[in-house]
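# Descriptive structure summary
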Amino acid sequence: MTQDIDHYLTSDGLDSEREKEIGQTIGYRYDVNLVPDMNRITPYLQSYMETMGWSDLNWLEDVHMGYEEERAAVFDRNINGWVTVPDNITLPDNQQDRDMIARELLLKFQMSSNHPMVTLRKAYAKF
Amino acid sequence: MATVSSSHQSHEMGLHSEQLTDRTQQVFFNAEESANFTYAWLPEVDINKSADVDAADMDVKDVNIQIRELMEQGVGTINLHNPGSMHGLCVGILSRLQLNIHGSLGYFGCGLIDGPNVNISGRVGWSCAENMMAGTVVIEKNAGSTFGAAIRGGDLVCKGSVGSRTGIDQKGGTIIVGGKTGAFSGFMMQRGRMVILGDAGMNLGDSMYDGTIYVGGDIEGLGVDAVPAEMTELDIQWLTAKLALYGMKTPNGVENMQKIVAGKQLWNYDNLEPTEKKLVL
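No experiment lies behind these values; they were computed from the predicted model shown. (Residues numbered from 1 in each chain as written. Chains lettered and ligands numbered in written order. Predicted model: local features only at pLDDT ≥ 70, side-chain atom pairs only at ≥ 80, totals over all residues.)

### Focus on the overall build of chain B
Keep this limit in mind: Each helix corresponds to a stretch of at least 4 residues labelled H or I by DSSP, and each strand to a stretch of at least 2 residues labelled E; elements are numbered beginning at the N terminus. Once C-beta atoms are placed from the backbone, each residue is buried if 20 or more other C-beta atoms lie within 10 Å of its own, exposed if 12 or fewer, and partly exposed for counts between those two.
For chain B, the count of helices and strands is four helices and 11 strands. Out of the 281 residues belonging to chain B, those deemed buried represent 43%.

Structure below.
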């Protein structure tokens, strides 16, 4: 993406006439095809890869930092919803580093004993 | 069909009466809390603890149950013998596990998995690793049609050739094919990466919404809204690293692969939506 990296944080992101008319952004608010720069991996993600026996980010290659209602967020496929990035996390000035933060945050959220799936599983799991 | 009980445990837990409006996950979750590497409800397994399963005289349900029970006992490496091309084997594994399958699988093998590393010495039937979420699946020989249907994450590798509609409805992850792929591969692809080292059949990437397809051989024909794109340095780096993981090479070098992406001319449902609403109203 060539536009300002904070575009969706500092504006409503409704750029075209059509987007203004329907009141929503058309398309993703990040480049889904952006492949990760492994030079920017965090220590936590490195430990995760080693534990899982992977030499790269595996499924996390498809995780990017997005923007929901003018807040930085990461999409959790397990709850089909956005998890907003806490305000105390300073956002880097490039998408690659932001994506690494999003991956780490999502991983910690999904593996947490407080994840909604834990409660849902207790209530509905058949086996 | 089993009767649905109205006194389900979810009612006792208050899940039907709680206020859902304006809920935020931050109430429940702290990013600084100690981190796990597996889902909280799953058992920890030790990769150095191994077991063998002989499926010769078992039915598919018993094999899948035995795999689950072994994981609950902490077994992290399972060698499955005599799978006999049974359908629906090794599905629903949601944790890390080294699974070595000595033989071939039938339809829908390794479906719905989320984390294991699977090696299959033989072939696989239709829809191998459908709805795969994470992990790696490596097939040493050929695969049937709809290979990796609706895959959402992880690496799915076939070192031989595959049938038609590879990665249909792909929503993420990486599919690698060492040989040829059939017609309509990447049909309705939405994201993720498909790497074909050999030739691709007709209508490649038909109606793809997003994602990337790399082809090392010849393309018989592109589908609707699939268009060529330029390879970038990041593409080349990623392809080189990914193929090296599985000991695979493309005959002409990754820098000479063809890159196919969505033309995004089919991105029109947002435009139609206001009109459709008016029609309904």
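Moving on from the coordinates now.
### With respect to the interface of chain B and chain A
Condition: Once C-beta atoms have been placed from the backbone, residue pairs whose C-beta atoms lie within 7 Å are recorded as contacts. Classification convention: Asp, Glu, Lys, Arg as charged; Ala, Val, Leu, Ile, Met, Phe, Trp, Tyr, Cys, Pro as nonpolar; all other residues, Gly among them, as polar.
In this assembly, 48 residues from chain B lie in contact with 35 residues from chain A. It is helix α3 (residues 233-245) of chain B that contributes the most residues to the side of chain B that touches chain A, six residues altogether. Broken down by class, the residue content of the side of chain B that touches chain A amounts to 19 nonpolar, 19 polar and 10 charged.

### Some words on the pairing of strand β3 (residues 98-102) of chain B
All names here are of chain B. The condition is simple: Two strands are counted as paired when DSSP detects at least two bridges linking them.
Alternating positions in β3 separate cleanly, Leu 99 and Ile 101 being buried on one face and Gln 98, Asn 100 and His 102 remaining unburied on the opposite face. With five bridges joining them, strand β2 (residues 75-81) and β3 adopt parallel strand pairing. Its bridge partner being in β3, Leu 80 is matched across the sheet by Ile 101. Judged from the four bridges that link them, β3 and strand β4 (residues 114-120) form a sheet pairing that is parallel. Considered in β4, the bridge of Ile 101 is made with Ile 120.

### Overview of the sheet that holds strand β2 (residues 71-76) of chain A
Residue and element names in this part refer to chain A. Inclusion rule: Fitting a line to C-alpha atoms yields each axis, with helices limited to the stretch in contact; the angle taken between N-to-C directions then spans 0 to 180 degrees.
Strand order in the open sheet formed by three strands is β1-β2-β3, with antiparallel pairing between adjacent strands. In this open sheet, the two edge strands, each paired with only one partner strand, are β1 (66-68) and β3 (81-84). Neighbour to neighbour, the strand axes of the sheet diverge by 60° on average, direction disregarded. Taken together, the four bridges between β2 and β3 define a ladder with antiparallel strand orientation.

### Regarding the sheet that holds strand β6 (residues 155-158) of chain B
All names here are of chain B. Pairing is mixed in the open sheet, where 11 strands are placed in the order β1-β2-β3-β4-β5-β6-β7-β8-β9-β11-β10. Two strands in the sheet have a free side with no partner beyond their single neighbour: β1 (46-54) and β10 (226-229). For this sheet, the mean inter-axis angle between neighbouring strands, taken without regard to orientation, is 20°. Here strand β9 (residues 212-215) runs beside strand β11 (residues 258-262); their pairing, made up of four bridges, is antiparallel. Looking at β11, one finds that Val 215 is bridged to Gln 258.

### Re helix α4 (residues 95-110) of chain A
Residues and elements named next belong to chain A. Selection rule: Expected span of a helix: the number of residues minus one, times 1.5 Å.
Taking 1.5 Å of rise per residue, 16 residues should cover 22 Å, and α4 covers 22 Å from first to last C-alpha, within 8% of that figure. Most of α4 is tucked away: 12 of the 16 residues are buried. Buried residues of α4: Arg 98, Asp 99, Met 100, Ile 101, Ala 102, Arg 103, Glu 104, Leu 105, Leu 106, Leu 107, Lys 108 and Phe 109, and no others. Where α4 is buried, its residues meet α3 (43-52), β2 and β3.

### Observations regarding the environment of Leu 89 of chain B
All names here are of chain B. Turning to its location among the elements, Leu 89 is positioned in the loop between β2 and β3. For Leu 89, a count of 26 C-beta atoms within 10 Å puts it in the buried group. Each C-alpha atom of the pair Leu 89 and Trp 267 lies 38 Å from the other, and the pair is 178 residues apart in sequence. Leave out the neighbours within four places in its chain, and Leu 89 touches Val 60, Val 63, Asn 64, Pro 83, Leu 105 and Gly 109.

### A word on the confidence of the model for chain B
Do not read the fine detail of predicted coordinates wherever pLDDT is low. The test is simple: How sure the predictor is of each residue is captured by pLDDT, a score from 0 to 100.
When pLDDT is averaged along chain B, the result is 90; 86% of the residues meet or exceed 70. Two summary scores accompany this predicted model of the complex, namely pTM at 0.91 and ipTM at 0.92.

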